[in-house]
Amino acid sequence: KLGYVILFVPDVAATASFHEKAFGLTRRFEAESGQYIEMDTGGTALGFTSEAFVRQGGMAFASLDVKGNPPAIEIALVADDLAAAVARSAEAGAVVVKQPEIKPWGQTVAYVRDLNGALIELCTKMG
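These notes cover the structure that comes with them.

The rules behind the values
- Residues numbered from 1 in each chain as written.
- Predicted model: local features only at pLDDT ≥ 70, side-chain atom pairs only at ≥ 80, totals over all residues.
- Heavy atoms only, no water.
- Pairing = 2+ DSSP bridges.
- Helix = DSSP H or I, 4+ residues; strand = E, 2+ residues; numbered from the N terminus.
- Axes fitted to C-alpha atoms, helices over the stretch in contact; angles between N-to-C directions.
- Core = buried A, V, L, I, M, F, W, Y, C linked by side-chain atoms within 4.5 Å.
- Buried < 20%, exposed > 50% of the residue type's maximum accessible area, 1.4 Å probe, protein only.
- Contact = heavy atoms within 4.5 Å.
- Parallel < 35°, antiparallel > 145°, perpendicular 65-115°, else oblique.
- Nonpolar A, V, L, I, M, F, W, Y, C, P; charged D, E, K, R; others polar.

### A closer look at the sheet that holds strand β8 (residues 119–123)
Step number 1: The mixed open sheet is built from four strands, whose spatial order is β5-β8-β7-β6. Two strands in the sheet have a free side with no partner beyond their single neighbour: β5 (75–78) and β6 (95–102). Shown here is a sheet whose adjacent strand axes are inclined to one another by a mean of 20°, direction ignored.

See below:
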């Protein structure tokens, strides 16, 4: 069972605030240190932890980069009103990568990048 997905970010509070505004997520846990915030997604949690905290633990990683290509992973969020979800994310500062498009399997999918450059898929429910 997938418990949570965590992104390493330079500013945990700013990232959580962005995801609240852009995608309507709410915080379900916030560490007192401010180095970790977990968002409620209705299922698997989406967490943000401080890059500095991870580096202190001796772990190497490639940072997210707003200007470069996104890493080979995406976070998919299902929306009831996809057009409104894309518009809301863009108003909050997300960069729209691909406008909504109906895929061969019948799902409509759009892509945006968050303030750190993470790739976020906004999509309709399957089936």
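### A short note on the pairing of strand β2 (residues 26–30)
Step number 1: In terms of strand pairing, β2 meets strand β3 (residues 36–40) through four bridges, oriented antiparallel. Paired with threonine 26 across the strands is aspartate 40, a residue of β3.
Step number 2: Hairpin geometry of β2 and β3 is characterised by an intervening segment of five residues between the two adjacent antiparallel strands and by a positive phi of about 80° at glycine 34.

### Describing the nonpolar core
The nonpolar side chains of a soluble globular protein tend to be buried, and buried together.
Step number 1: Core analysis: the largest hydrophobic core is formed by 24 residues, its most contacted members being Phe23, Met39, Phe48, Ile120 and Leu122.
Step number 2: Elements supplying a minimum of two residues to this core: β1 (4–9), α1 (12–23), β3, β4 (45–50), β5, α3 (82–91), β7 (108–113) and β8.
Step number 3: With near-sequence residues (within four places) excluded, phenylalanine 48 lies in contact with Ile6, Leu7, Val9, Val12, Thr15, Ala16, His19, Gln35, Tyr36, Ile37 and Met39.

### Looking at the packing of α1 against α3
Step number 1: Packing of α1 against α3 brings their axes to within 7 Å, and their N-to-C directions diverge by 140°. Judged by the inter-axis angle, α1 sits oblique to α3. Between α1 and α3, the contacting residues are Glu20, Lys21, Ala22 and Phe23 on the first element and Ala85, Arg88 and Ser89 on the second.
Step number 2: Within the contact of α1 with α3, the residues separate by chemical class into three nonpolar, one polar and three charged.

### Here we look at the environment of alanine 90
Step number 1: With respect to the secondary-structure elements, alanine 90 resides in helix α3.
Step number 2: On a C-alpha basis, the gap between alanine 90 and aspartate 114 in space is 9.4 Å, while along the polypeptide they are 24 residues apart.

### Points about the sheet that holds β2
Step number 1: With respect to topology, four strands assemble into an open sheet ordered β1-β4-β3-β2, the strand pairing being mixed. Only two strands of the sheet have a single partner each, and these edge strands are β1 and β2. Averaged over all adjacent pairs, the angle separating strand axes in this sheet is 30°, with direction ignored.
Step number 2: As paired strands, β1 and β4 are joined by six bridges and run parallel to one another. Its bridge partner being in β4, isoleucine 6 is matched across the sheet by glycine 47.

Functional significance is not addressed by these values, which are geometric in nature.
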